[in-house]
Amino acid sequence: MFALSSVHPILLPHPLNPNPSPRRIRRTRTRTRRRTLTPTSSREAERGVEFETGDSFFRRESAVGRDLGVLSASLLRRCCGGGGGGLRVLDAMCGCGVRALRYLAQGGADFVWANDAFEGSRPLVLANLAREPRFSTLGERRWVVTHFGANRVLADCYLRREFFDLVDVDSFGSDSSFLRSGIAAVKIGGLLYVTSTCGRSSGGHRPRCSLASYGAYVRPVPYSNEIGLRMLLGGALREAAAVGFQITPLFSYYSYHAPVFRVMLQVSRGKDHDFSHYGFISYCKLCGHSQTYSWDELGQISCPCRNGEVSSSVVVSGPLWTGPLHDAAYLSDMLRLATEWGWAYTDGKGNGVDLEKLLNLMIEESDPLLPSGYIKLDEIASRARINSPPLATLINSLRREGYAACRSHIAPNAVKTNCPMASCLELAHAIRHQR
Ligand SMILES: C[S@@+](CC[C@H](N)C(=O)[O-])C[C@H]1O[C@@H](n2cnc3c(N)ncnc32)[C@H](O)[C@@H]1O
């Protein structure tokens, strides 16, 4: 059933590394593991589900990313029951199999395909999945484990027309070579959950890297981590458009561990190519003002502080996703479900993340009045030549002045606001005099 056919040229993976050999992957994995990961096999539990990590790549800090994936799977199961064949999930880079197991045990998946190119993890993944019954009450197999390059698996789904309701691609480094095949493996209306840990292309210090991976020339700005998410979304939009689809971001999550960029995308048919949220973001190094530009406005990029004149102080990144990072209604559904399951708060013993706090922050960030980017308190302090104002006081002052303002889930010491930088600095001075 899972014999893989040849790959269609449209979906060809990375030309130099179409199906990385286990040897190559083992080398990468070992190098990384020595630096940051669980050194030896351990028994773990996440939200009550137990599993072993063996010598697979496993990061405890990614538990929140797994929680968000499981909540999404369950919402999909509830809203459409996964269509006729139940909810089918493809975990294309399963590591020790924890996600696949959690999709089955908690996300309501009826079938999970767990794949990882590292063949040595097979006994471990099988043992972890064996914690769940292998057959459904109807006698259908509930999971299968394979060891191929992710692109080969994703392309094969497309070629055999066996689409999945949720495809999870949890890669190391850039995910850009999996975007097109990942989109092609998802059912229309289904979800693609992608991860990138490529800080090199998002930070703006290596614009050629970001250009190579995502087709976006990215420059350093104080809100680079949000730019990283927007670059990933922009890359996904472009890859989707190339094969006749469109994507809607349901949530975009950045975690400073690693760093990790994760986005959950809903894939739909692209009737007419909609590039209204695909453009450019400028940042003026002189005054700190940021602005979004569409393709039609490319010739007009300048900063109000330069009276519309072209200036080298204005750096431009793009093309990127310039639309909303999240869907607020979807996040509210996730929060309701997390509360229902008792996942909204930590258990006080250091287990789990405060999902209520995280999801509420993301809901606030979804305010359509808020522009791209955020302003770090350090930037306000250095521009105003004062100590950083307290974040809560600044947000309250901005709101009293009629601006939209909230915290950012990406940077704990930053404010997202539609207030121009100059007025932010005046408010920061006023706060200082009040104290
Ligand atoms: C970030 S880890 C996955 C972690 C796992 N999803 C979890 O939540 O614990 C990435 C995994 O992808 C595997 N891998 C790397 N390149 C791959 C490729 N091209 N195709 C399939 N698997 C790959 C590695 O062996 C590694 O186990």
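Residues numbered from 1 in each chain as written. Predicted model: local features only at pLDDT ≥ 70, side-chain atom pairs only at ≥ 80, totals over all residues. Heavy atoms only, no water.

**Quick word on the nonpolar core**
As a rule of thumb, nonpolar side chains are buried together in soluble globular proteins.
Here's step 1: With 51 residues, the main nonpolar core has Val167, Val169 and Leu192 as its most contacted residues.
Here's step 2: Among the elements that make up this core, the one with the highest residue count is helix α9 (residues 224-242) (eight residues).
Here's step 3: Apart from the residues within four sequence positions on either side, Val169 is in contact with Ala92, Met93, Leu154, Phe178, Leu192, Tyr193, Val194 and Thr195.
Here's step 4: Listed in part, the 45 residues of the second largest apolar core include Phe51, Val89, Ala100 and Met334. (Core = buried A, V, L, I, M, F, W, Y, C linked by side-chain atoms within 4.5 Å. Buried < 20%, exposed > 50% of the residue type's maximum accessible area, 1.4 Å probe, protein only. Helix = DSSP H or I, 4+ residues; strand = E, 2+ residues; numbered from the N terminus. Contact = heavy atoms within 4.5 Å.)

**As for the confidence of the model for the protein chain**
Reading fine detail from the predicted coordinates is not recommended where pLDDT is low.
Here's step 1: Of the residues in the protein chain, 88% reach a pLDDT of 70 or more, and the chain-wide mean stands at 88.
Here's step 2: The low-confidence segment residues 1-18 (pLDDT under 50) makes 35 contacts with residues lying over four places distant or belonging to another chain.
Here's step 3: Counting contacts from residues 20-37, a segment whose pLDDT is below 50, to residues more than four positions away or on other chains yields 21 contacts. (pLDDT = per-residue confidence, 0-100.)

**Quick look at the pattern of salt bridges**
Here's step 1: Under the definition given, this model contains 24 salt bridges.
Here's step 2: Residue Asp156 is joined to Arg160 by a salt bridge in which the shortest nitrogen-to-oxygen separation is 2.5 Å.
Here's step 3: A residue is classified by how much of its surface remains accessible, and Arg160, at 23% relative accessible area, is partly exposed.
Here's step 4: Residue Glu379 is joined to Arg383 by a salt bridge in which the shortest nitrogen-to-oxygen separation is 3.1 Å. With Glu379 and Arg383 both in helix α12 (residues 377-384), this residue pair falls four residues apart, about one helical turn.
Here's step 5: A relative accessible area of 11% places Glu379 in the buried class.
Here's step 6: One network of salt bridges, in which partners are shared, links Glu46, Arg47, Arg66, Asp67 and Arg102. (Salt bridge = Lys/Arg side-chain N within 4 Å of Asp/Glu carboxyl O.)

**Overview of the site of the ligand**
Here's step 1: Close contacts around the ligand come from 20 residues, with Arg66, Arg99, Asp116, Ala150 and Asp170 the closest.
Here's step 2: A distance of 3.1 Å is found between a nitrogen atom of the ligand and a backbone nitrogen or oxygen belonging to Ala117.
Here's step 3: Asp170 places a polar side-chain atom, nitrogen or oxygen, 2.8 Å from a nitrogen atom of the ligand.
Here's step 4: Coverage of the ligand by the protein chains reaches 94% of its 600 Å² of free accessible surface.
Here's step 5: Taken together, the residues of the shell around the ligand break down into 14 nonpolar, two polar and four charged. (Near = heavy atom within 4 Å. Polar contact = N/O pair within 3.5 Å; in protein donor to acceptor, adjacent residues only side chain to side chain. Areas by Shrake-Rupley, 256 points an atom, 1.4 Å probe, with all protein chains shown as cover. Nonpolar A, V, L, I, M, F, W, Y, C, P; charged D, E, K, R; others polar.)

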